[in-house]
Amino acid sequence: MNAGIFLKRRLAQSVLSITICIIGLSIIITGCLDEIDLPIEPSLQDAIVIEGSLNLGSPSKARISITRLFDFGASSLQPVNVKEVLLFDDQDQSVALNEAGPGIYQVTLG
């Protein structure tokens, strides 16, 4: 292939890529951002979220975080501290998780 033809094709591909990027950025930048009010059911105002993870390995680790569900006015997540967090297996055996920080509980399993 002739070097001149190769360079022209390469230039055309570059121009096309740049054009697509510019169009994409224009859409993102000029997109509408309207504030909406989401109605919150009174029964959910004090709801909490419990998230957990279990990483199997040697050793295995379990981690649970507990936060408030609807706290839109806060500048950061609001952790929920509880007295005790227990993890149960399918045979009803339990292990207590240790508090690792505000609203975060974890344990290392043998």
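Residues numbered from 1 in each chain as written. Predicted model: local features only at pLDDT ≥ 70, side-chain atom pairs only at ≥ 80, totals over all residues. Heavy atoms only, no water.

J.: How should I be thinking about the overall build of the chain in this particular structure?
T.: Looking only at helices and strands, the chain has one helix and six strands in total. Counted from the first residue to the last, the chain has its helices and strands arranged as α-β-β-β-β-β-β. In the chain, which comprises 110 residues, the proportion classed as buried is 13%. Nonlocal contacts in the chain, meaning residues at least 24 apart in sequence, comprise 32% of its contacts between residues at least 6 apart. Carbon and sulfur atoms make up 58% of the accessible area of the chain, which amounts to about 9,400 Å² in all. (Helix = DSSP H or I, 4+ residues; strand = E, 2+ residues; numbered from the N terminus. Buried < 20%, exposed > 50% of the residue type's maximum accessible area, 1.4 Å probe, protein only. Contact = heavy atoms within 4.5 Å. Areas by Shrake-Rupley, 256 points an atom, 1.4 Å probe, with all protein chains shown as cover.)

J.: Hey, could you run me through the confidence of the model for the chain in this one?
T.: Low pLDDT means the predicted coordinates in that region are not meant to be read closely. Residues with a pLDDT of 70 or more make up 70% of the chain, whose mean pLDDT is 78. Within the chain, strand 5 (residues 98–101) carries the highest mean pLDDT (93), whereas helix 1 (residues 3–30) carries the lowest (71). (pLDDT = per-residue confidence, 0-100.)

J.: Mind showing me how you'd approach the environment of Gly101 here?
T.: Relative to the helices and strands, Gly101 is located in strand 5. On the basis of relative accessible area, Gly101 is assigned to the buried category, the value being 18%.

J.: What am I meant to see in unusual backbone geometry here?
T.: Negative phi is the rule for most residues except glycine; trans is the rule for most peptide bonds. Following Ser58, the chain continues to Pro59 via a peptide bond in cis, the omega torsion being 5 degrees. The backbone phi angle of Asp92 is positive, close to 65 degrees, even though this residue is not glycine. In this structure, Asp92 sits in the loop between strand 3 (86–88) and strand 4 (94–96).

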